[in-house]
Amino acid sequence: MAMIPKQKIELSILLADDDIDDCTFFEEALNGLPLSTHLTSVNDGEQLMKQLTNETNAIPDVLFLDLNMPRKNGFECLIEIKLSKRLKNLPVVVFSTSMEQEVVNRLYKNGAQYFIHKPAAFQKFKKIIQQTLTLITRESSSQPSRENFVLNVQTELIV
């Protein structure tokens, strides 16, 4: 897998997840990658939408969005983001413990960039985050084909 040179790019990442342990996992995974990143975290859907719709805040390079959050769930946030003129091109990577086909289909239809099934093992989690960020930096913000929508650790990157 080709690495993104650290000095060439700093990714602004927004993480929306109400599970504090998952947020810590995510931050630790980022710290172990050869990427320069700036991570901002929010813990519910209302905080997320306030953060994104505040005109004084820069739009992040990518949003990692958990589906099951209090106040406003990931589905509701995704729809609002994709309906917003300012936010519609924001790459949204949805991650969840659910792997139901109906959920995945709905996320694809609503414009998510990628879907990740949350792996339990830290090394797999770290690898899938790296793969996803590599894809985001290489690709345009357009949605991939349906066959390439669900990412998993076995997914190989084409260089």
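None of these values were measured; they are calculated from a predicted model.

Asks: Which residues make up the nonpolar core, and what values go with them?
Replies: Residues Leu48, Leu52, Leu63, Leu65 and Leu107 are the most contacted members of the largest nonpolar core, which totals 24 residues. Contributing elements (two or more residues each) for this core: strand E1 (10–16), helix H2 (45–53), strand E3 (62–66), helix H3 (74–83), strand E4 (92–96) and helix H4 (101–109). The dominant element in this core, judged by the number of residues it contributes, is H3, at 4 residues. With 22 residues, the next largest nonpolar core counts Cys23, Leu33, Val93 and Ile136 among its residues.

Asks: Could you give an account of the pairing of E4, naming the residues involved and the relevant values?
Replies: The element E4 is extensively covered by neighbouring structure, given that 5 of its 5 residues are classed as buried. Because side chains alternate across E4, one face comprises the buried residues Val92, Val94 and Ser96, and the other comprises Val93 and Phe95, equally buried. Looking at chain direction, E3 and E4 are connected through 4 bridges and run parallel. Paired with Leu63 across the two strands is Val92, which belongs to E4.

Asks: Lay out the side chain of Lys72 with the relevant residues and their values.
Replies: Among the structural elements, Lys72 can be located in the loop between E3 and H3. For Lys72, a relative accessible area of 19% gives the class buried. Contact partners of Lys72, with chain neighbours within four places excluded, come to Gly45, Glu46, Met49, Cys77 and Glu80.

Asks: Now, about the packing of H2 against H3: what can you tell me, with residues and values included?
Replies: The packing of two helices is summarised by the inter-axis angle and the distance between the axes. Running from N to C, H2 and H3 cross one another at 15°; their axes reach a closest spacing of 10 Å. Between H2 and H3, the angle falls in the class roughly parallel. Crossing of H2 against H3: the hand is right-handed. Of the residues in H3, those in contact with Gly45, Leu48, Met49 and Leu52 of H2 are Cys77, Glu80 and Ile81. Looking at the contact of H2 with H3, its residues break down into 5 nonpolar, 1 polar and 1 charged.

Asks: Pulling in residues and values, what's your account of the pattern of salt bridges?
Replies: This model, assessed by the stated rule, comprises 6 salt bridges. A salt bridge links Arg71 to Asp44; the shortest N-O distance between them is 2.4 Å. Of the two residues, Arg71 is situated in the loop between E3 and H3 and Asp44 in the loop between strand E2 (36–42) and H2; the sequence distance between them amounts to 27 residues. With relative accessibility at 4%, the residue Asp44 sits in the buried group. Salt bridges sharing common partners tie together Asp17, Asp22, Asp66 and Lys118.

Asks: Before we move on, could you go through helix H5 (residues 122–138) and cite the residues and values that matter?
Replies: In a regular helix each residue adds 1.5 Å, so 17 residues correspond to 24 Å; H5 covers 24 Å between its end C-alpha atoms and thus fits that length. Among all positions of H5, only Phe125, Ile128, Ile129, Gln130, Gln131, Thr132, Leu133, Thr134, Leu135 and Ile136 are buried. Buried residues in H5 make contact with E1, helix H1 (20–31), E3, E4, strand E5 (114–117) and strand E6 (150–151).

Asks: Requested: an account of the sheet that holds E3, with residues and values cited.
Replies: What the 6 strands build is an open sheet, ordered E2-E1-E3-E4-E5-E6; its pairing is parallel. Strands with a single pairing partner mark the edges of an open sheet, and in this sheet they are E2 and E6. Alignment of E1 against E3, held across 4 bridges, turns out to be parallel. Across the sheet, residue Leu15 finds its bridge partner in E3, namely Phe64.

Asks: Requested: an account of H4, with residues and values cited.
Replies: Among the residues of H4, Val103, Val104 and Leu107 are the ones counted as buried. Buried positions in H4, seen along its axis, are confined to an arc of 100° and lie on one side of it. Within H4, the exposed residues directed more than 90 degrees away from the buried face are Glu102 and Lys109. On its buried face, H4 sits against H3, E4, E5 and E6.

The rules behind these values
- Residues numbered from 1 in each chain as written.
- Predicted model: local features only at pLDDT ≥ 70, side-chain atom pairs only at ≥ 80, totals over all residues.
- Heavy atoms only, no water.
- Core = buried A, V, L, I, M, F, W, Y, C linked by side-chain atoms within 4.5 Å.
- Buried < 20%, exposed > 50% of the residue type's maximum accessible area, 1.4 Å probe, protein only.
- Helix = DSSP H or I, 4+ residues; strand = E, 2+ residues; numbered from the N terminus.
- Pairing = 2+ DSSP bridges.
- Contact = heavy atoms within 4.5 Å.
- Axes fitted to C-alpha atoms, helices over the stretch in contact; angles between N-to-C directions.
- Parallel < 35°, antiparallel > 145°, perpendicular 65-115°, else oblique.
- Left-handed = near helix turned anticlockwise from the far one by under 90°.
- Nonpolar A, V, L, I, M, F, W, Y, C, P; charged D, E, K, R; others polar.
- Salt bridge = Lys/Arg side-chain N within 4 Å of Asp/Glu carboxyl O.
- Expected span 1.5 Å × (residues − 1).
- Arc of directions from axis to C-beta.

Note that every value here comes from positions in space, so none of it alone points to a role or purpose.
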